[in-house]
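Okay, here's what each chain looks like letter by letter:
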Amino acid sequence: MTHLSKTNSQQHIIKSLSVQISLIGHSFLVKDVSLNTVLFSHTATFSNATSPDEALIALTTTIAKFPELQGSFDSVTVVHQNDLITVVPQALFDENEAANYLKFNTKILPTDFIAFDVITNQEIVVVYVPYININNYIFDTYGSFKYYHSSTIAIEDSIKSSSFKKETTVFIDVAKDIFFCTVIFKGKLQLHNVYSYKTSEDFIYYILFCFEQLQLDPNETPIVLSGAISKEVDLFTILFKYIRHITFAELSMLNTISNKAYTYYLLSKATK
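So, how was this worked out
- Residues numbered from 1 in each chain as written.
- Predicted model: local features only at pLDDT ≥ 70, side-chain atom pairs only at ≥ 80, totals over all residues.
- Heavy atoms only, no water.
- Helix = DSSP H or I, 4+ residues; strand = E, 2+ residues; numbered from the N terminus.
- Contact = heavy atoms within 4.5 Å.
- Areas by Shrake-Rupley, 256 points an atom, 1.4 Å probe, with all protein chains shown as cover.
- Pairing = 2+ DSSP bridges.
- Axes fitted to C-alpha atoms, helices over the stretch in contact; angles between N-to-C directions.
- Phe/Tyr/Trp six-rings, centres within 6.5 Å; stacked < 30°, edge-to-face > 60°.
- pLDDT = per-residue confidence, 0-100.

S.K.: Looking at this structure, I do not really get the overall build of the chain. What am I missing?
M.R.: Of the regular secondary structure elements, the chain holds seven helices and 15 strands. In the chain, the proportion of contacts linking residues at least 24 apart, taken out of those at least 6 apart, comes to 56%. With an accessible surface of roughly 14600 Å², the chain has 51% of that area assigned to carbon and sulfur atoms.

S.K.: Got a minute to help me understand the sheet that holds strand β9 (residues 124-128) in this structure?
M.R.: Backbone-to-backbone hydrogen bonds join strands into a sheet, with any given pair of strands oriented parallel or antiparallel. Reading across the sheet, the three strands line up as β7-β9-β8 and stay open at both edges, with antiparallel pairing between neighbours. Two strands lie at the open edges of the sheet, namely β7 (85-89) and β8 (115-119), each paired on one side alone. Ignoring which end each strand starts from, the neighbouring axes of this sheet average 25° apart. Inspection of the sheet shows β8 paired to β9 by five bridges, in the antiparallel sense. Across the sheet, Ala115 pairs through a bridge with Tyr128, a residue of β9.

S.K.: Please explain the side chain of Thr106 as it appears in this structure.
M.R.: Locating Thr106 in the fold gives a position in the loop between α2 (98-102) and β8. Those residues in contact with Thr106, other than ones at most four positions away along the chain, are Asp83 and Leu84.

S.K.: What should I look at first to understand the packing of aromatic side chains in this one?
M.R.: The relation between two aromatic rings is expressed through the spacing of the ring centres and the mutual angle of the planes. Counted according to the given criterion, the structure contains 14 aromatic pairs. Each ring, one from Phe73 and one from Tyr142, has its centre 5.6 Å from the other, and the planes form 70°; the classification is edge-to-face. In this pair, Phe73 is assigned in the loop between α1 (52-65) and β6 (75-80) and Tyr142 in helix α3 (residues 132-142), connecting sequence segments 69 residues apart. Arranged with centres 6.5 Å apart and planes meeting at 20°, the rings of Tyr205 and Phe209 form a pair that is stacked. With a gap of four residues between them, Tyr205 and Phe209 both fall in helix α5 (residues 200-213), about one helical turn apart.

S.K.: Is there a simple way to think about the confidence of the model for the chain in this case?
M.R.: The predicted structure's coordinates, where accompanied by low pLDDT, should not be read in detail. Confidence along the chain averages 85 in pLDDT terms, with 87% of residues attaining 70 or more. Looking across the chain, the model is least confident in strand β1 (residues 6-7), with a mean pLDDT of 42, and most confident in α5, with 96. Contacts for the low-pLDDT stretch residues 252-259, under 50 throughout, to residues beyond four places or in other chains number 17 contacts.

Put into C-alpha cells, the structure is as follows:
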C-alpha cells in the first residue's frame, strides 16, 4: 500500500519509474501516477550495438547523471527490447521447456536466464531472454520491480487498438536493425515475430513474406507503423510501393510521431 504524507506542507507525489533497455539505447520515464503526468523523460541512443555489460555501464552512468532518476519510487518497471523472443500458445507452454522454444528462433547460451510473460486474455506466452545483469542492478538500486519484454506490451496495445475492427491489421514497430511484426484479426493475435534487417530491401522482403504466409492482400490489409520510421526515410518509401493502406500509430501521451514518443508511450503502458 502506498502512503501519502506531508513534509513542509507539501504532499508527496506518487512516482513511477519505467525503463526500456536494449543494446542500441535506453529510455527513462518518470510519472506522477495520481495525476498521470510526465515528470521526467530521457532517451539515449548508441551509434553501434553494445554488449549487455556495456549497456549496464551506460545505464549506471545515466542514472548517476540525473537526480530525477535517483532516490526511491513507488513502482519500478523495466522493459527489455531484443530479438531473443518467441511466442507460444499457453496450452502448449511448459515452463521447464522454456529454453527449447527459444532455440528455434535465436541462438541462446546454456547460462542464459529465460523469462516469460503471460498474456492471459489471448492465452499466449511471450518467452524471452532478459538482460539479467541489468535486472540485478535495478534490484540493487531501487528494490523490487516488475519487468516485461517490449513485445508483451506491444501485443497488448495492438490488440486494444484493433479489437473493434473486423479486418486484419498489421502493426510494424521499427527499431534500429530490427522490427517487430504483429498481426491482429478481430482482437486475436495471428502472428508476432521479430526480424533483423540491414537494408530497406530486407525490410520489405520480410513484411511481404508475412503477408504471403497469412494470405493477406497488400492492396486491402492496412499497416500501422510505429517506432523509428517516418515518411522521409527509405523504409517508408519502399513500403509505400507495395502496401496501399499505411498509417502511423496514434500516440495519446505525446503529440508527436517519433521513435522517442512511441518509446515513452509504451513505457507509459508498462506502468501496470
